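Observations on chain architecture
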Amino acid sequence: MAQNGTIENGLARNACPPPLPQPVKIPEIKHTKIFINNEWHTSIKGKKFPTINPATGVKICDVEEADKADVDEAVRAARAAGQRGSEWRLMDASSRGRLLHRLADLLERERAVLATLESMDTGKPFLHAFFVDLDGSIKTLRYYAGWTDKIHGKTMPVDENFVCFTKHEPVGVCGAIIPWNFPLLMFMWKIAPALACGNTVVIKPAEQTPLTALHVGAIIKEAGFPPGVVNIVPGFGPTAGAAIASHMNIDKVAFTGSTEVGQLIKAAAAKSNLKRVTLELGGKNPCIVFADSDLQSAVEETQKGAFFNQGQACTAASRIYVEEPVYDEFVRLSVERAKNIVIGDPLEPRTSHGPQVSYSFELLSVFSSCVQIVYVFLLLGQIDQHQFDKILELVDSGKKEGAMLECGGCAVEDRGLFIHPTIFSDVKDHMRIAKEEIFGPVQCIMKFKTQEEVINRANSSHYGLTAAVFTRDIHRAMSVSAAMEAGTVWVNCYNALHAQAPFGGYKMSGNGREL
Ligand code: NAI
Ligand code: MG
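Everything quoted here is computed from the prediction, not taken from an experiment.

1. Quick word on the layout of surface pockets
Counted as a void, the largest pocket has a volume near 1300 Å³. Gly 257, Ser 258, Glu 260, Val 261 and Gln 387 are, among the 40 residues lining the largest pocket, the residues nearest its centre. Secondary-structure elements contributing two or more residues to the lining of the largest pocket are α9 (237-245), β11 (252-256), α10 (259-271) and α14 (387-400). For the lining of the largest pocket, the per-class residue count stands at 20 nonpolar, 11 polar and nine charged. Roughly 920 Å³ of internal volume is contained in the second largest pocket. Lining of the second largest pocket is provided by 38 residues; of these, Val 171, Pro 193, Ala 194, Cys 197 and Asn 199 occupy positions nearest its centre. At the level of secondary structure, the elements contributing two or more residues to the lining of the second largest pocket comprise α3 (87-90), α4 (93-109), α6 (126-145), β8 (173-177), α7 (183-196), β11 and β12 (276-280). Here the lining of the second largest pocket gets six residues from one element, more than from any other, and that element is α7.

2. Regarding the environment of Lys 204
Inspection of the secondary structure assignment puts Lys 204 in strand β9 (residues 200-204). Given a relative accessible area of 2%, Lys 204 falls into the buried group. Along the chain, Lys 204 and Lys 275 lie 71 residues apart, while their C-alpha atoms are 17 Å from each other. Only 2.8 Å separates the side chain of Lys 204 from the backbone oxygen of Gly 235, close enough to count as a polar contact.

3. A word on the UniProt feature "domain: Aldehyde dehydrogenase" (unreviewed entry) in the protein
UniProt records the feature "domain: Aldehyde dehydrogenase" (unreviewed entry) at residues 43-358 and 382-514, using the numbering of this structure. Secondary structure across residues 43-358 comprises 46% helix and 16% strand; the distance between its end C-alpha atoms is 23 Å.

4. Some remarks on the pattern of salt bridges
Considering all chains together, one arrives at 31 salt bridges under this definition. Note that Lys 428 is salt-bridged to Asp 426, the shortest N-O span being 2.7 Å. Look at Asp 426 and you get partly exposed, because its relative accessible area is 39%. The shortest N-O distance in the salt bridge between Glu 485 and Lys 507 comes to 2.8 Å. Residue Glu 485 is located in the loop between α17 (474-483) and β20 (488-491), and its partner Lys 507 is located in strand β22 (residues 506-507); the two are separated by 22 residues in the primary sequence. Given a relative accessible area of 36%, Lys 507 falls into the partly exposed group. Bridged by salt links that share partners, the residues Lys 45, Lys 47, Glu 65 and Asp 67 form one connected network.

5. Considerations on the nonpolar core
The biggest cluster of nonpolar side chains holds 90 residues, and the ones touching the most others in it are Phe 187 and Phe 225. Once residues within four sequence positions are removed from consideration, Phe 187 is found in contact with Ile 178, Ile 203, Ala 213, Val 216, Ile 220, Val 230 and Ile 232.

What counts, and where the lines are drawn
Residues numbered from 1 in each chain as written. Chains lettered and ligands numbered in written order. Predicted model: local features only at pLDDT ≥ 70, side-chain atom pairs only at ≥ 80, totals over all residues. Heavy atoms only, no water. 1 Å grid on protein atoms, 1.4 Å probe; cavity = no way out; pocket = protein on both sides within 12 Å on 5 of 7 lines; lining within 4 Å. Points joined across faces, edges and corners; volume = space filled by probe spheres on them. Helix = DSSP H or I, 4+ residues; strand = E, 2+ residues; numbered from the N terminus. Nonpolar A, V, L, I, M, F, W, Y, C, P; charged D, E, K, R; others polar. Buried < 20%, exposed > 50% of the residue type's maximum accessible area, 1.4 Å probe, protein only. Polar contact = N/O pair within 3.5 Å; in protein donor to acceptor, adjacent residues only side chain to side chain. UniProt positions renumbered as here; feature names shortened; annotations may be inferred. Salt bridge = Lys/Arg side-chain N within 4 Å of Asp/Glu carboxyl O. Core = buried A, V, L, I, M, F, W, Y, C linked by side-chain atoms within 4.5 Å. Contact = heavy atoms within 4.5 Å.

What follows is the structure, given as structure tokens:
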């Protein structure tokens, strides 16, 4: 999700770059409670859950666990804050814009703290969090701050002697359920447009990564948003998440996560109050590399697309189709590049590849540094499938189904949840690694002969989120990108996402558009 490009762009903004930003020492996590009405609440059932640092396996802290009753409280607060005659509803549109700018200012002030928290909670490298997640979050707020007073209706010359016009009103209470791969950025993608239009929000961060959302709760209050406009309910999917999706007093739900849960959310919305639904789900995104492309650049871009955020991105470049004459060279260069990736402590500036996210599980707090316990429970089938385990299982399937393992293919020994950047060549379309979303650092390279063949193969997926085309031929770039069944198609680049452009998928990658 390289909003505004990349870390390199961030570093290159000045001819003489300033010293690299540094992680902040966080002696104690301040915000671990449920945020309703601009106040901090303990869970009604008195439950807490731990959040784990996946680089070390050690618990960072416990967080108050919201369940249905807490969601009900949050919805009551959001409903009251947004009702006709409320401070929020009467506020000038331009003042809403100033509040969003103020929130962006506070994010700038807290940038290093938030990037540190994000890195600790997700395992993503600190500099990625600082230059990509924080940059995108701040820009999203500023972009929507500009929209607040530019949301117009229309006048229509209807027949006979009438004046007819439309007027845009807030939808009401917007529920949001977000994932753990870009916790802060997804938080802003959800709240910024909702607030710009005068809605109120009840948002559930992912159970693996609640910390940046809660820190933002404090600065939402500091920015001056009226109580109840944004309410944050940390908790689990089947409890707090399901309560949002099926709530009779929530008017819209926006979800980012797995296709499987997206289906549950749409069903729950249909069965409850027919609330509006926006879904941003999985991807199995094809890249097509033609023989006439700038090969070195295609290698770089596709591999950054595959391995960025340890492959934990709905936009992950996971099917790379390379034209026959340059296939061998492409594989060779990709492997060479993958072997130079620096795996390590996410807080170290040199690190470009951190661990996979870890599952938050209550018992882990008891055995916090004992990662093996997770496997025992997995074997007993007592917890959801862990991302780490899912990835290694898919890698194994690739080996068994006969793909050529070029590098990686295993966990980093003696360390938490790290997986070596992995490349398979000679991947066939029927293999599981070519069809299923892996959500890990696995690049699958395939060979193709003709343009028509590769278009059909690229489109033969239930997903349709993003795609990329690499070629120097402008005619081919235009015609092949037009043929892609994908919400976003990049030409000679990857993961270029911007607050000013819409984002979303065809087919089972989702409904509606973000941003
Ligand atoms: P998930 O879809 O279960 O979790 C995403 C969010 O949905 C979390 O906040 C979770 O608490 C919530 N949730 C889970 N079950 C729910 C339910 N029944 N009702 C309401 N909310 C619910 O994704 P998970 O289990 O973390 O990852 C599984 C796979 O999903 C990944 O391996 C990846 O393939 C895909 N995924 C895709 C993402 C994307 O960016 N599109 C993000 C996260 C996961
Ligand atoms: Mg799940």
